[in-house]
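# Close look at the chain arrangement
Residue-level listing of the chains:
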Amino acid sequence: MTATISGAELRALLDDRDREVALLDVRAPAARAAGHIAVSSGLPLHDLEHRIRQAVPRTGTTVVLASEPELDEQAAHILTDLGYTDVAIVPHGLAGWTAAGGRLYTGTNVRSKTLGEWIEKHFGTATVDADTVARWRAEGADVVVLDSRPHAEYLHHHIPGGLDTGGGSELAYRGLQRITGPETTIVVNCAGRTRGIVGAQSLINTGIPNRVYSLHNGTPAWGWAGGRIESGPGTPLGAPADVPAHLIDWAATTLERLGVRVVDASSVGDGSHTTYSIDIRTPEEFAAGSVAGARHVQGGQLVQASDEHLAVLDARVVLVDTPDLVRAASTVQWLHYLHRGPIEVIVARPEILTSPRPESPAVPEVPEISGKELADELESDSAPTVFDLRSSRDYERGHLPGSIHARREHLRSAARGRGRIVLVGDELNDNTADVGTDLQSGGGPVAYRPHFAARDLLDAGHDVRVVLGGPSSVPVEPTSDDPHYAGDIADRVGPPPFGPERDAWYRDYFDWEYALLGNSEGDHDFDFEAKSS
């Protein structure tokens, strides 16, 4: 029988600094965004086996599940089967937490987004509206727009003339090389508010004499003001030939002030405590070689979405950076507000770097079917029901005719009375990391393997097969027409790609952000003021 923990006991456990704990919400992203515990980490049941070893590396860590009781029970059994020895659920899920006085928060990355609003208020970070920036440009003023988002987001859309820094912690490292003198005005933009505010204050904190602003409400507001939006490569910034001495001194001083040590790679992790080794450099630098066991999350995205990457609340975090340590300092100055465990840094020296090797979970043995065999069966009078377990966006781009999009939590009910069932997942190749659902933070290419969901159905007595390879292994012309869904589209929490729906989404989103400080007032999980002294 699964152990239980009351809402009040969970609160006490979360406040216990002497015991490692990971609080997991196993619902789909859209359901979690409708209301969740702020310090929980979203790890959907759909992806559980794919991502749990990365999220909670030590099987002895206390894991508490608090979302929907039925999903929590299923997840608890999975974790126990995987060897996790201290797993508990909160009776009645989130209702058990709120009954004990706990709060729920809507949206995603709530603590990170609230930190951004707090930074603007606490530090008085200056903002500027799109009309003013456009006027400055028209008047020929010396103004530089630095884009604080990762490269992939910049490619999707950006302000014409905005410089692609590659991400938030790259702003000082790459962006300041394009500032010609103290008279240059710097405007930092993102896709909304948080990364613009955090990025602008990051530059201010380095002590530069320039006027620095965040662009109020980012690229959406630029478009609403009539500004043109571009897509494509734009102007990417490379690494500086030399990092200025004042930036190196600032980085060293910042790390020392925050008690962050620079450690040797040999001292990382002894197995008795959770350690996350995270390479905060660019994807290209990481791919060229990193510290053994490190995974890649750019520094700005680690701050933007700490709950997605640091599930164990008191874990040790070791950041991988270049010898100047500018990106590490840019990250740590904000991450220490969000993560209460120790933070250290390793210098990525050539002699210790190895090729990254993403780990894949050991999938269960389940019946499989080739793409050719499936194509033949689809032409027969007894064609199976095909469930496509990829992301909803990939399904909409192209799927097998007649297939039904589903998530793992949909399958038990959707499979009833279906007869033979075939499950389709993603392609697997050398460029995809086998880690499950893509994250809003830009986790990179991913691949979903449906073997675990197939095992669920086999255990329930269904006749089920898994396609060897992805949809392209099936010699049938894919279609984007006539999509079918086994349940609500639950894996989307961000804005639509373009159009009026995107504008409406952002207007609601900004209203949500403006309310964050008021909604979290009095909640000590948001007590950033205590860490500012």
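Residues numbered from 1 in each chain as written. Predicted model: local features only at pLDDT ≥ 70, side-chain atom pairs only at ≥ 80, totals over all residues. Heavy atoms only, no water.

### Observations regarding the overall build of the protein
What the protein contains, in helices and strands, is 23 helices and 24 strands. Rg of the C-alpha trace for the protein: 24 Å, near the compact-globule value of 24 Å for 533 residues, within the 12% margin. Taking the principal axes of the C-alpha coordinates as reference, the protein spans close to 75 × 50 × 50 Å. Nonlocal contacts in the protein, meaning residues at least 24 apart in sequence, comprise 76% of its contacts between residues at least 6 apart. (Helix = DSSP H or I, 4+ residues; strand = E, 2+ residues; numbered from the N terminus. Rg over C-alpha atoms; globule rule 2.2 N^0.38 Å. Contact = heavy atoms within 4.5 Å.)

### Re the sheet that holds strand 24 (residues 484-485)
The strand order 19-23-22-20-21-24 describes an open sheet built from 6 strands, whose pairing is parallel. The open sheet has two free edges, formed respectively by strand 19 (368-369) and strand 24, since each of these has just one partner strand. Lying over the sheet, helix 20 (residues 451-459) contacts strand 19, strand 22 (421-424) and strand 23 (464-467), oriented at roughly 170 degrees with respect to strand 23. (Pairing = 2+ DSSP bridges. Axes fitted to C-alpha atoms, helices over the stretch in contact; angles between N-to-C directions.)

### Some points on the pattern of salt bridges
This model, assessed by the stated rule, comprises 35 salt bridges. Here Arg-32 and Asp-307 are joined by a salt bridge, their closest N and O atoms 3.6 Å apart. A residue pair is termed long-range when its members are at least 10 positions apart, and Arg-32 in helix 2 (residues 29-33) and Asp-307 in helix 15 (residues 306-309) qualify at 275 residues. Take Arg-32: its relative accessible area is 8%, and that puts it in the buried class. Taking the relative accessible area as the measure of exposure, Asp-307 reaches 12% and is therefore buried. Two residues, Glu-377 and Arg-420, come together in a salt bridge whose shortest N-O distance is 2.4 Å. On the criterion of sequence distance, the pair formed by Glu-377 in helix 17 (residues 371-378) and Arg-420 in the loop between helix 19 (408-414) and strand 22 is long-range, its members being 43 residues apart. Arg-420 sits in the partly exposed class, given a relative accessible area of 30%. A cluster of three or more residues bridged by salt bridges with shared partners is formed by Glu-170, Arg-174, Glu-285, Asp-321 and Arg-327. (Salt bridge = Lys/Arg side-chain N within 4 Å of Asp/Glu carboxyl O. Buried < 20%, exposed > 50% of the residue type's maximum accessible area, 1.4 Å probe, protein only.)

### Topic: the sheet that holds strand 2 (residues 21-25)
With respect to topology, 5 strands assemble into an open sheet ordered 1-5-4-2-3, the strand pairing being parallel. The sheet terminates laterally at strand 1 (3-4) and strand 3 (41-42), the two strands that pair on one side only. Bridge count between strand 2 and strand 4 (residues 62-65): 4 bridges; the pairing is parallel. Bridged to Leu-24 within strand 4 is Leu-65. Most of the contacts of helix 1 (residues 7-14) go to strand 2, to which it runs at about 130 degrees, and overall it touches strand 2 and strand 4.

### Description of helix 16 (residues 326-338)
For helix 16, with 13 residues, the first-to-last C-alpha span of 19 Å sits near the 18 Å given by 1.5 Å per residue. Val-332 marks where helix 16 bends most, by close to 35 degrees. Counted residue by residue, helix 16 has 13 buried out of 13 residues, so it is predominantly covered. (Expected span 1.5 Å × (residues − 1). Bend = angle between axes of the 7 residues up to and from the residue.)

### Some remarks on the packing of aromatic side chains
A full pass over the atoms with the stated rule returns 17 aromatic pairs. With 5.9 Å between their ring centres and 85 degrees between their planes, Trp-224 and Phe-510 make a pair best called edge-to-face. Highlighted residues: Trp-224 in helix 11 (residues 218-224) and Phe-510 in helix 21 (residues 500-514), separated in sequence by 286 residues. We classify Trp-224 as partly exposed; its relative accessible area is 28%. Judged by centre distance (4.9 Å) and plane angle (85 degrees), the ring pair of Trp-505 and Tyr-506 falls under edge-to-face. Chaining the aromatic ring pairs together yields one cluster made of Tyr-105, Trp-118, Phe-123, Trp-334, Tyr-337, Phe-526 and Phe-528. In this arrangement the basic side chain of Arg-327 is found over the ring face of Tyr-173, its NZ or CZ atom lying 4.0 Å from the centre. (Phe/Tyr/Trp six-rings, centres within 6.5 Å; stacked < 30°, edge-to-face > 60°. Lys NZ or Arg CZ within 6 Å of the ring centre and 35° of its normal.)

### A short note on the side chain of Ser-214
Looking at the secondary structure, you find Ser-214 in strand 10 (residues 212-215). Apart from residues no more than four positions distant in its own chain, Ser-214 is found in contact with Ala-126, Thr-127, Val-128, Val-188, Gly-196, Ile-197 and Ala-200.

### Examining the side chain of Thr-114
One can find Thr-114 in helix 6 (residues 110-123). Setting aside anything within four residues of it in sequence, one finds Thr-114 in contact with Leu-516, Leu-517, Ser-520, Phe-526 and Phe-528.

### Some words on the confidence of the model for the protein
In this model, the protein carries an average pLDDT of 93, and 96% of its residues clear a pLDDT of 70 or more. Across residues 430-445, confidence stays below pLDDT 50; counting only partners more than four residues off in sequence or on other chains, it has 43 contacts. (pLDDT = per-residue confidence, 0-100.)

### Some remarks on the environment of Ser-290
The topology assignment puts Ser-290 in strand 14 (residues 290-291). Note on Ser-290: relative accessible area 1%, which makes it buried. Distance in space between the C-alpha atoms of Ser-290 and Thr-354 is 5.4 Å, their sequence separation being 64 residues. Apart from the residues lying within four places of it in its own chain, the contact partners of Ser-290 are Asp-279, Arg-281, Val-320, Ile-352, Leu-353 and Thr-354. Of the polar contacts made by the side chain of Ser-290, one reaches the side chain of Asp-279; its length is 2.7 Å. (Polar contact = N/O pair within 3.5 Å; in protein donor to acceptor, adjacent residues only side chain to side chain.)

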